[in-house]
Amino acid sequence: MQLLWQILVNGILLGGLYALMALGLVLVWGVLNIVNLAHGALIMLGAYACYYLFTGFGWDPFAALPAAMAMLFCLGYLIQRCVLNLVIRAPMFNSLLVTFGLEVVITYLAQFLFSADFRTVNPSYAGANFSFLGATVPLVRVLAFGIALALTVALWLFLEHTRIGRAIRATAQNLVAARLYGVNPRQLYALTFGIGAALAGAAGALYGVVSQINPYIGAGLTAKSFAIAIIGGLEKSIYVLVGGLFLGVVEALTALYIGPTYTDVVSFGILVLVLIVRPSGLLGRTA
Amino acid sequence: MKPALKFASAALVVGVFATVPLWGSAVLVQFGINALILATLAQSWNIIGGYTGYPSFGNSVFYGLGGYGVAIAMVQYHLSFALGLILGATLAVLFAFLIGLPVLRLRGHYFAIATLGLAEVMTAIVSNLEIAGRNIGLILPLAKGDALFFELSLALVVVTTLTVAWISRSRFGFGLIAIRENEEAAAVMGVNTTLYKVLAFALCSVFSAVAGGIHAYWITYLDPGSAFDVALNVQMIIMAVFGGPGTIFGPILGAFALSAISEILASKITSLASIFFGVVIVVAIVFMPRGFADLIQNFRRLGWRYFQENLKAHRV
Amino acid sequence: MDTILEVRNLTKRFHGLQAIDRVTFTLERNQILGLIGPNGAGKTTLVSLVSGTLQPTEGSVLFEGKPIHRLAGFRRALLGIARTFQVMRPFPGLTVLDNVAVGALFGAAGSARQLAAARENANRWLHFVGLDHRARQRADALGGPDRKRLELAKALAMRPKLLLLDEVMAGLNPVEIEEVITVIKKVRDQGISIVVIEHVMKAIQSLSDRLLVLHHGEKIAEGKPEEVLRNDQVIAAYLGSKRR
């Protein structure tokens, strides 16, 4: 029983991070109709940004997080403005392939610049634990969970209650009408992708603290983010919380009761099942 | 080009290719085998992705099943290579029918993601199977020599392409194209869309599986990561799209062109080779999204404006 | 006179919204049935239930005496039911000729199995609807009236026994409407039974042997055109749009 509780806590903490991971993907998908195969690579870049700020300049990783987000925002903005805006009216398939090309470029650029070694971000308090209702909880994981949650809610508030956020949502629903209200699609698209990239960067920074990183983690993280996004439901960005938490807990339980090598089987198996049986996700409305 | 002339020149090219192992260097032969296998994969993807319009990101499953079919048959049961190929192909076809039925009901990007998910699931499942050697994989008996594999791969590409050629002028193929262009209209006009889609999926599974089997025996080693290489999926799609989806020779052109570019880059600039490859992909999709085949057809008419037109049509 | 189509108590509900409510009618062979009613009355839904695009919640559809309401759409096409769509559904990347050839290849009786024969077939139907000059053009390059002709040719190439036409005349000028009426009558003369959904009152009056009026998913009148159009309920349902 004790073990189960510990596993659940682990799963929930992981789930928060998962939700943040998928958040940027869902935003870009919903607003720009772009299925971003380079999403995981952006997460990876965020992790490295945080790593180098930590080891190079001595910044605390959680303080480096906003900086990583800012860097990724700029990168994302440029990517959309210079590359993705060129294929946005093409069949969705084209943007899929273009983002794959970008993923290749980013991954091998990272390999070239950072070498293929595994790295971790190890702040001094990395080993600190505290006890929560009987479960041992690593400090860094709780901090990561808290930040992930905060960012997810922040995005939701941004989209619902700010002028720009509403402009983004309006453009997602009806570009022609949004244009009539003075929205400049080029900038707005770039802004949206930038935000998505920034969120990926944040997820990466947190990921680097709780796990090892190398230039090749991108593809796997992209796949995982897809699973989280679809399982939660693409209708609203906030659904990603459900997807993340659900998958986090399921993976933790799978590792305990079936075996750690089976987590991918279960995660992606659920993804396929959800797509077949209920494509709108656990929370989405069935069409 | 008149069809007879086309056929004759294709036969000539095949004939020339067949002689490569006689005079080519070891490096050239190996490049050839890799390119030919990729060409088969691109061509078989063409059937479900190019002609039917269902972009599968899971053909690596068939490739892996083919590889493991051969590996398990030869290593665990000491059967011949041919039997291994048959086993692999059978597994792939079964998978195509069983999984194809539910998954082919999905459209567009949902189908793409579902197949991607399947690729991940199969990788994970197989890495837990004892008979497949788990994570470590299997080591196959040593093979006879590159020349044999070259001819086998060449034969496979020829068979796959002949099948695609047949599809392009058959009632079955017409039905697939109708499904791609407008599935609801096709159904209303009497096309059994479910059956046709699953058959297309099964067809591409056979060729992909045999390709996987040949590859596994050739490199004499197989593990879940390399067998079900998920990156291979996008590679074969890029090649098919680069060459021209929905055409007979497009995917082959694309496979050879991109393999060649990749080789040249790798030999000249090593570490930056892949980066340039990625750039090539991005530029190609932006400026010639319908592939080489379309470019060749329309360049005569439009010249450099062809690229401009593509850009204008697709940008913000 | 034999009945080719019989619809009994057909009902369709979408998440609580009643789209079609216990509609019953028959269609005799070689007759033209006009299906009219205000916007949103459920005319297209009814046709979709017959063609198989939608499955009924309750009730039955019988074609040549055999129940078909559980059959998939493509099977009904093979039995001899063809339909056109109000929002047209061409195969955009194919030529006009090949669009029609699909019908010839996959339709009901007399479907060609070879591409060459199907294309020949298609040529004849293009001539019938007056689209020969566009045979080699891409389907998505066609303008409105030509698209309607293409929809019709595609359906005819299937050699159906029952043809369901959904607003083939919308957006056409009076000359074009006359042409369409002539074509439809020629089709009927070939032995095909037809259900026509239309808003153009004069046309539907002269075309139909019988009229059926739908309102809010219910049948509110059925019979000879002159009688139906004098019916008080029908006039009330349209309220003013009767005069053309």
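All values derive from a computational prediction rather than experimental measurement.

So, on to the overall build of chain C. When helices and strands are tallied, chain C shows 9 helices and 10 strands. A globule of 244 residues ought to have a C-alpha radius of gyration of about 18 Å, and chain C, at 18 Å, matches this closely. In terms of its C-alpha atoms, chain C occupies a principal-axis envelope of roughly 50 × 40 × 40 Å. Classification of the 244 residues of chain C by burial places 45% in the buried group. Sequence separation of 24 or more characterises 66% of the internal contacts of chain C that already satisfy a separation of 6 or more.

It is a general feature of regular strands that their side chains alternate between the two faces of the sheet. Residue and element names in this part refer to chain C. Most of strand β9 (residues 210–215) is tucked away: 5 of the 6 residues are buried. Taken together, the 4 bridges between strand β3 (residues 32–36) and β9 define a ladder with parallel strand orientation. If you follow Ile-36 over to β9, its bridge partner there is Val-213. Bridge count for β9 against strand β10 (residues 218–223) is 5 bridges, and the pairing is antiparallel. The residue of β10 that forms the bridge with His-215 is Glu-218.

Turning next to the domain arrangement of chain C. Residues and elements named next belong to chain C. When cut into domains, chain C gives domain 1 (1–80 + 161–244) and domain 2 (90–157). A C-alpha centroid distance of 24 Å is found between domain 1 and domain 2. Each partner contributes to the interface: domain 1 provides 11 residues, whereas domain 2 provides 10 residues. At the level of elements, α2 (73–79) and α6 (174–189) are the ones that each hand at least two residues to the side of domain 1 that touches domain 2. Of the residues that constitute the side of domain 1 that touches domain 2, the class distribution is 8 nonpolar, 2 polar and 1 charged.

Attention now goes to the nonpolar core. A:Leu17, A:Leu20, A:Cys50, A:Ala202 and A:Leu206 are the most contacted members of the largest nonpolar core, which totals 295 residues. Here this core takes 17 residues from helix α1 (residues 2–32) of chain A, the largest share from any one element. Residue-level mapping places this core at the junction of two domains, with at least three residues from each of domain 1 (1–80 + 161–244) and domain 2 (90–157) of chain C.

All right, on to the interface of chain A and chain B then. Taken together, the 40 residues of chain A in the interface contact 41 residues of chain B. Listed by contribution, the elements that provide at least two residues to the side of chain A that touches chain B are α4 (92–114), α8 (185–210), α9 (217–232) and α11 (263–277) of chain A. Sorting elements by how many residues they give to the side of chain A that touches chain B places α4(A) first, with 13 residues. Its residues placed into classes, the side of chain A that touches chain B shows 32 nonpolar, 5 polar and 3 charged.

Parameters at a glance
Residues numbered from 1 in each chain as written. Chains lettered and ligands numbered in written order. Predicted model: local features only at pLDDT ≥ 70, side-chain atom pairs only at ≥ 80, totals over all residues. Helix = DSSP H or I, 4+ residues; strand = E, 2+ residues; numbered from the N terminus. Rg over C-alpha atoms; globule rule 2.2 N^0.38 Å. Buried ≥ 20, exposed ≤ 12 C-beta atoms within 10 Å, placed from the backbone. Contact = placed C-beta atoms within 7 Å. Pairing = 2+ DSSP bridges. Domains from an automatic or database assignment. Nonpolar A, V, L, I, M, F, W, Y, C, P; charged D, E, K, R; others polar. Core = buried A, V, L, I, M, F, W, Y, C linked by C-beta atoms within 7 Å.

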